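Survey of secondary and tertiary structure
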Amino acid sequence: MSSPAPRTVITFGTFDVFHVGHLKVIERAAALGDRLVVGVSADELNLRKKGREPVFSEGERLAIVAALKPVDEVFVEESLELKRHYIEQYAADVLVMGDDWAGKFDEFGDICEVVYLSRTPAISTTALIEKISGGS
Ligand code: C2G
C-alpha cells in the first residue's frame, strides 16, 4: 500500500523583529500539514507596500525563519500579486494566513485549502518598535 502524499502548507509574512506572535502562527501552520514552506517578504515589497524598510533585512529575516524547527523551506516573496504562482511552484495543499488577511485570499480556494488563523493578541512589530524606541 502506498503512503499518502505529504501535505504541504505555505504561509507568507514579513516576520520583522521576530516575536512570539510570528512563532505561534508558524507553529500552527506547520501543524496543518507535513511540510511548511514560508515566503518572507522582500525589502523592496515592504518599501513599496508599507512605505518603510523593515528593521531587519530580508537576508536576516530569511535566516531567522529558516532556522525555526517547524520550517522546512523558505523563499523571498517578491510581490503580493504572485501568490498563485508560489502556491503552484511549491505544490502547496494549504495556504495559511493570519486573520488580518481574512477573506483576502479566498480566490485561491480553487487550487488549495485557504485557512486564516487568529492573530496572537497584544503583540506586533509596530508596537515593539515604539516600545523599544521609548514611545508609548
Ligand atoms: N501574526 C500573528 N500575531 C501577531 C502578529 C502577526 O499571528 N500578533 C501573524 C500574521 O497574521 C502573519 C504572520 O504573523 O500571518 C506574519 O506577520 P507580518 O510579518 O506582519 O506579515 P505581513 O507583513 O502581514 O505579510 O503576503 C503577505 C505579506 O508577506 C505581508
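Residues numbered from 1 in each chain as written. Predicted model: local features only at pLDDT ≥ 70, side-chain atom pairs only at ≥ 80, totals over all residues. Heavy atoms only, no water.

Here the focus is the overall build of the protein. On a plain count of helices and strands, the protein comes out with five helices and five strands. Order of helices (α) and strands (β) in the protein, N terminus to C terminus: β-α-β-α-α-β-α-β-β-α. Compactness check: the protein gives a C-alpha radius of gyration of 15 Å against a globular reference of 14 Å for 136 residues, within 12% of the reference. Looking at the protein as a whole, 38% of its 136 residues qualify as buried. In the protein, of all internal contacts separated by at least 6 residues, the share reaching a separation of at least 24 is 62%. Surface exposure of the protein reaches about 7,600 Å², of which carbon and sulfur atoms provide 56%. (Helix = DSSP H or I, 4+ residues; strand = E, 2+ residues; numbered from the N terminus. Rg over C-alpha atoms; globule rule 2.2 N^0.38 Å. Buried < 20%, exposed > 50% of the residue type's maximum accessible area, 1.4 Å probe, protein only. Contact = heavy atoms within 4.5 Å. Areas by Shrake-Rupley, 256 points an atom, 1.4 Å probe, with all protein chains shown as cover.)

Neighbouring the ligand are 20 residues, the closest being Thr14, Lys50, Glu77, Lys83 and Ile123. In the model, an oxygen atom of the ligand is placed 2.9 Å from a nitrogen or oxygen of the Asp100 side chain. Contact with the protein chains removes 94% of the 640 Å² of surface that the ligand exposes when unbound. Residue assignment for the shell around the ligand shows that the elements contributing at least two residues are β1 (8-13), α1 (20-30) and β4 (94-98). (Near = heavy atom within 4 Å. Polar contact = N/O pair within 3.5 Å; in protein donor to acceptor, adjacent residues only side chain to side chain.)

Now for the packing of aromatic side chains. Counted by the stated rule, this structure contains seven aromatic pairs. Ring centres of Phe75 and Tyr86 lie 4.7 Å apart, and the angle between their planes is 45°; on these two criteria the pair is classed as tilted. Placement of Phe75 in strand β3 (residues 73-77) and of Tyr86 in helix α4 (residues 83-89) is noted, with a sequence separation of eleven residues between them. With respect to class, Phe75 is no different from Tyr86; both count as buried. With 6.2 Å between their ring centres and 15° between their planes, Phe105 and Phe108 make a pair best called stacked. Like Phe108, Phe105 is buried. Taking the ring centre of Phe12 as reference, the NZ or CZ of Lys83 above it sits at 4.5 Å. (Phe/Tyr/Trp six-rings, centres within 6.5 Å; stacked < 30°, edge-to-face > 60°. Lys NZ or Arg CZ within 6 Å of the ring centre and 35° of its normal.)

A word on a nonpolar patch on the surface. Residues Val55, Phe56 and Ile64 make up a contiguous nonpolar surface patch of roughly 230 Å² in combined accessible area. Relative to the helices and strands, Phe56 resides in the loop between α2 (43-50) and α3 (58-66). (Patch = residues over 30% accessible without salt bridge, like charges linked within 9 Å, V, L, I, M, F, W, Y side chains within 5 Å. Salt bridge = Lys/Arg side-chain N within 4 Å of Asp/Glu carboxyl O.)

Attention now goes to the nonpolar core. Phe15, Ile26, Leu36, Val38, Val65, Val71 and Val96 are the most contacted members of the largest nonpolar core, which totals 16 residues. Those elements that place two or more of their residues in this core are α1, β2 (35-41), β4 and β5 (113-117). Among the elements that make up this core, the one with the highest residue count is α1 (four residues). What Val71 contacts, discounting residues up to four positions off in sequence, is Ile26, Leu36, Val38, Val65 and Ala66. (Core = buried A, V, L, I, M, F, W, Y, C linked by side-chain atoms within 4.5 Å.)

Such coordinate-based values are descriptive only and should not be taken to indicate function.
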